[in-house]
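Reading the structure
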Amino acid sequence: MVHLCFPRHLYNFFGIFIMLSRFSIRSVIVPALATMVLLASVGCQEVPITGRNAISLVDDKDITAKSIAEFKRLKSMQKMSRNPSQIKIVQQIGSRLSRTVFWDVPNAEWEFVVFHAPGVMNAFAMPGGKVAVFSGLIDFCENEDQLASVIAHEIAHVVARHTHEKYSQGWMLKPLGAATSIGIGTTIGGTGVYIPSVGSAASGGVTGITQSAFDRGKELEADHIGLIYMAKAGYDPRQSLRLLQRMEEDIASKGGPTVNGWLANHPGFPQRQIKINELMDEAMSHYQKIEESRTHTVIE
Ligand SMILES: [Zn+2]
């Protein structure tokens, strides 16, 4: 839903304005602020589940079209899985989750693919509903619920339009003279790999693209939204914690994340686990409702 909002960082602009006014350049700053406030007032949306106000100044059709083209390019670069059981499980989870989120993102054209990449425990999503899962992640998951927790997290990035927000914020912070176009550029960022890569090979060759559009806050928000979505789809939300714990142990056993800078904009495993724990009661209530309805259907 698009509505009016007043993003927090605009307060910072006012602070800068007050400071600069002492140097008598109000005539330059006032129009700039007015433009920014006007733009912020018409380009906001409420994020489903969390209810956060998010900036969205980019053209959805434009960013989606570029995203779809980029996803197509990535598919041509990656080795696609030919494992029918892996493809089937990802499609099955994708189908259940996309039905659950339908009303939050009705225009998405969901596509779930599996890249053949043994040892790569990751997944990413892109605007428009494009989701890729690396086969190493499927091998690592103990059950369908754990895999669903990652796919739900990726879907959450799409539903929350984190890429749109990233580009919107970048645009607003440009100097006025440069702010004549959205400036999405040729590379559309996906909304993040699920965990830090352990060595460059573990990125599956798409690290630079998929890590560009998210930060700690967005990751925690995707965990939040994904947890609720997986529970509403009938997957056990407790398995998201179990998977994160196993991933943490696995990465630690391999010497920890080795990609410089990754931890600068990603929350650590303990932070993610604490946040998910805080939300577990709410998630379990959704999950139990689904379980009860299933039981009821069986008895009838
Ligand atoms: Zn993420």
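Residues numbered from 1 in each chain as written. Predicted model: local features only at pLDDT ≥ 70, side-chain atom pairs only at ≥ 80, totals over all residues.

**Examining the overall build of the protein chain**
Along its length, the protein chain carries 11 helices and six strands. Within the protein chain, buried positions represent 38% of all 300 residues. The contacts of the protein chain with a sequence gap of at least 6 include a subset with a gap of at least 24, amounting to 73%. (Helix = DSSP H or I, 4+ residues; strand = E, 2+ residues; numbered from the N terminus. Buried ≥ 20, exposed ≤ 12 C-beta atoms within 10 Å, placed from the backbone. Contact = placed C-beta atoms within 7 Å.)

**As for the pairing of strand β6 (residues 130-134)**
Counting buried positions along β6 gives five out of five residues, so the element sits mostly inside the fold. Because side chains alternate across β6, one face comprises the buried residues K130, A132 and F134, and the other comprises V131 and V133, equally buried. Sheet analysis places strand β4 (residues 111-115) next to β6, joined by five bridges and oriented parallel. Each bridged residue has a counterpart across the sheet, and for V113 the counterpart in β6 is A132. Here strand β5 (residues 123-126) runs beside β6; their pairing, made up of four bridges, is antiparallel. (Pairing = 2+ DSSP bridges.)

**Thoughts on helix α6 (residues 144-159)**
Here α6 contains 16 residues, and its C-alpha end-to-end distance of 22 Å stays within 8% of the 22 Å for a straight helix at 1.5 Å per residue. Here α6 lies mainly inside the structure; 15 of its 16 residues are buried. Phi for R161, located one or two positions after α6, is positive at around 55°. (Expected span 1.5 Å × (residues − 1).)

Purely spatial values, then, with no claim about function.
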